[in-house]
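Per-entry structural report
Below, each chain spelled out in residue letters.
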Amino acid sequence: MKKKIIFSGIQPTGLLTIGNYIGALSQWKKLQKKYFCIYCIADLHALTIFQKKNMLSNNILDVLSICLASGINPKKSIIFIQSHVPQHTQLNWILNCFTNFGAIRRMTQFKEKIYLNKNINVGLFNYPILMAADILLYQTYKIPVGKDQIQHIELVRDIANRFNNIYGKKIFTIPKKKLHENYGSCIMSLLSPIKKMSKSDNNKNNIITLFDNDLTIRKKIQYAITDSDNPPNIKFDLKNKPGISNLLIILSNITEISIQKLECNFNNKNYYDLKEFVINNLCLFLNKLRKKFFFYRQNEILLKSIIIDGAQKAEKYAKITLEKVYNTIGLDI
Ligand code: TRP
């Protein structure tokens, strides 16, 4: 039987955090077993915030190397750069014309971005319609995403349904969201574990990046907020014990030991013991990941060949859908 299609994207902006790894990359890796996976480095989406030329091209190669180091296998899955497959922008324009202005204006991420941003360009507004093109080009079955993208996926479904209904044909598969497992999209800030860990956080003590060295990791975890329960209580409880729960989620995801088992192992232990265990495992884990990262990052010839191969494979699928769309709307002369 043909495998169902998974599609997801990641923006090549800035240093990735352990949250990005657990929330996206580790999940992407696992999905390769059961699905045919297509992963996109969304460089066009990154342009919605001004990017310096050299930074952008470096970031693209960094993110690609991290994906490969995390176990995305380009022989099994497709990994490609969005701007290398022109059908994304072509379909984007067509979908613009099938998207309701009011619906986009309601996107909470857009509202937040215009509130925070000085550079309010039209790309920010169009952002979810480019996501729709990304997803719909590949007849995607499911999209692994974090909670912050749910509204965008609902919009993509609406656009696809509207298009199919207008023409009375099933041109696009209606995709479904796939939320991360093992609380993967709930990696929180270390100092205020009620907000999400974000790579753009100004206080770097809130985040663990994939490039923090052992000493930095030790300091950051030592500072991480827990609680003042007496006696100390290592239990998973997102509502009442967000700091401890956050450490348990991180630990569980990098060690693949279940949260329940961890609770058992740390029964009657104190927070110092838990933190030491987190520190040791994070250091071990990140050192291994970095070794693999540098292997790829230093081999630009290999990276370039993966990039060319990925674009060719992706384009083969993208072309089929775009041609169907052209034929359907009357652009087939
Ligand atoms: N907007 C997504 C993010 O920042 C990245 C992305 C681009 C994406 N295209 C996509 C995610 C298509 C899922 C599907 O997280």
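The following refers to the structure shown. What you are looking at is a predicted structure, and each value in this text was computed from that prediction instead of being measured.

1. Regarding the overall build of the chain
A count of helices and strands for the chain gives 13 helices and five strands. At 21 Å, the chain has a C-alpha radius of gyration in line with the 20 Å of a compact globule built from 333 residues. In terms of overall dimensions, the chain has C-alpha extents of about 75 × 45 × 45 Å along its principal axes. By the burial criterion, 50% of the 333 residues in the chain qualify as buried. Sequence-distant contacts, at least 24 apart, represent 76% of the contacts inside the chain between residues at least 6 apart.

2. A few points about a positive patch on the surface
Together, K3, K29, K30, K33, K76, K288 and K292 make up a region of like positive charge exposed at the surface. Taken together, the elements giving at least two residues each to the positive patch come down to helix 1 (18–31) and helix 12 (271–297). Note that K76 resides in the loop between helix 3 (53–69) and strand 3 (78–81).

3. Structural notes on the site of the ligand
Residues in close proximity to the ligand total 13 residues, the closest being G9, Q11, H45, Y127 and D134. Interatomic distance of 3.2 Å between a side-chain N/O atom of Q11 and an oxygen atom of the ligand. D134 is positioned such that a nitrogen or oxygen atom in its side chain is 2.8 Å from a nitrogen atom of the ligand. If the ligand stood free it would expose 360 Å²; the protein chains cover 89% of that surface. The set of elements that each furnish at least two residues to the shell around the ligand consists of strand 1 (5–10), helix 7 (122–136) and strand 4 (142–145). The biggest single contributor to the shell around the ligand is helix 7, with four residues. Taken together, the residues that form the shell around the ligand break down as seven nonpolar, five polar and one charged.

4. Thoughts on the pairing of strand 2 (residues 36–41)
Within a regular strand, side chains alternate between the sheet's two faces. Counting buried positions over the six residues of strand 2 gives five, a clear majority of the element. Direction of pairing for strand 1 relative to strand 2: parallel, over a ladder of six bridges. Bridge pairing in strand 2 places F7 opposite I38. Read as a crossover between parallel neighbours, the route from strand 1 over helix 1 to strand 2 is right-handed. Relative to strand 3, strand 2 is paired through four bridges, and the arrangement is parallel. Its bridge partner lying in strand 3, C40 is registered against F80.

5. Some thoughts on the side chain of T209
As for its position among the elements, T209 is in the loop between strand 5 (176–179) and helix 9 (214–223). Those residues in contact with T209 that sit more than four places away from it in its chain are L15, L16, T17 and L286.

6. Points about a nonpolar patch on the surface
A cluster of nonpolar side chains, contributed by L15, F211 and F294, occupies part of the molecular surface with about 260 Å² of accessible area. Here L15 lies in the loop between strand 1 and helix 1. A relative accessible area of 48% means that L15 is categorised as partly exposed.

7. Observations regarding the packing of aromatic side chains
Each aromatic ring pair is specified by the distance between its two centres and by the angle formed by the two planes. Evaluation of the coordinates by the stated rule reveals 19 aromatic pairs. Ring geometry for F98 and Y167: centres 6.1 Å apart, planes at 55°, overall tilted. Of this pair, F98 sits in the loop between helix 4 (87–96) and helix 5 (101–105) while Y167 sits in helix 8 (residues 150–167), and the two are 69 residues apart along the sequence. For F98, a relative accessible area of 13% gives the class buried.

Definitions and cut-offs
Residues numbered from 1 in each chain as written. Predicted model: local features only at pLDDT ≥ 70, side-chain atom pairs only at ≥ 80, totals over all residues. Heavy atoms only, no water. Helix = DSSP H or I, 4+ residues; strand = E, 2+ residues; numbered from the N terminus. Rg over C-alpha atoms; globule rule 2.2 N^0.38 Å. Buried < 20%, exposed > 50% of the residue type's maximum accessible area, 1.4 Å probe, protein only. Contact = heavy atoms within 4.5 Å. Patch = residues over 30% accessible without salt bridge, like charges linked within 9 Å, V, L, I, M, F, W, Y side chains within 5 Å. Areas by Shrake-Rupley, 256 points an atom, 1.4 Å probe, with all protein chains shown as cover. Salt bridge = Lys/Arg side-chain N within 4 Å of Asp/Glu carboxyl O. Lys, Arg positive; Asp, Glu negative; His and termini not counted. Charge placed at Lys NZ, Arg CZ, Asp CG, Glu CD. Near = heavy atom within 4 Å. Polar contact = N/O pair within 3.5 Å; in protein donor to acceptor, adjacent residues only side chain to side chain. Nonpolar A, V, L, I, M, F, W, Y, C, P; charged D, E, K, R; others polar. Pairing = 2+ DSSP bridges. Right-handed = clockwise from strand over helix to strand, strands pointing away. Phe/Tyr/Trp six-rings, centres within 6.5 Å; stacked < 30°, edge-to-face > 60°.

Any functional reading would require information beyond the geometric quantities listed.
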